[in-house]
Amino acid sequence: MEPTTDSTTGPVPDPTTTEIILDILSRAAVAHGVHEAEVLGGRHDEEWPQWYAEHMTRTLAESGYRIVGLST
C-alpha cells in the first residue's frame, strides 16, 4: 500500500489495521447519527448492525481496502 499525503505534513505512513477500523467505526457512528436523525426522524435504528456493516464495507472499498481471508 502506498503512503497517503497530508496537505499540511506531507507523506503519511500506512495506518495500522486498528487505526483503519477505528477511523471507519468513528465515521460510521457520525453518519449513523445523521441517518437516525434525518431518515428515521430521531428514532433508534433497530437494524443498526446491518447499517454499520454496509456503511463500513462501502467506506473500506471506497478507500481501496478489501478484507481477504488467509490461505491455509
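Residues numbered from 1 in each chain as written. Predicted model: local features only at pLDDT ≥ 70, side-chain atom pairs only at ≥ 80, totals over all residues. Heavy atoms only, no water.

1. Side note on helix H2 (residues 48-62)
Since the α-helix turns once every 3.6 residues, residues separated by three or four places project in the same direction.
Then step 1. In a regular helix each residue adds 1.5 Å, so 15 residues correspond to 21 Å; H2 covers 21 Å between its end C-alpha atoms and thus fits that length.
Then step 2. Restricting attention to buried positions, one finds in H2 the residues Trp 51, Tyr 52, His 55, Met 56, Thr 59 and Leu 60. Projected onto a plane normal to the axis of H2, the buried residues spread over an arc of 155 degrees and lie on a single side. Turned more than 90 degrees from where H2 packs its buried face, Thr 57 and Ala 61 sit exposed.
Then step 3. In the core, the buried residues of H2 are packed alongside helix H1 (17-39).
Then step 4. Positive backbone phi, approximately 90 degrees, marks Gly 64, located one or two places after H2. (Helix = DSSP H or I, 4+ residues; strand = E, 2+ residues; numbered from the N terminus. Expected span 1.5 Å × (residues − 1). Buried < 20%, exposed > 50% of the residue type's maximum accessible area, 1.4 Å probe, protein only. Arc of directions from axis to C-beta. Contact = heavy atoms within 4.5 Å.)

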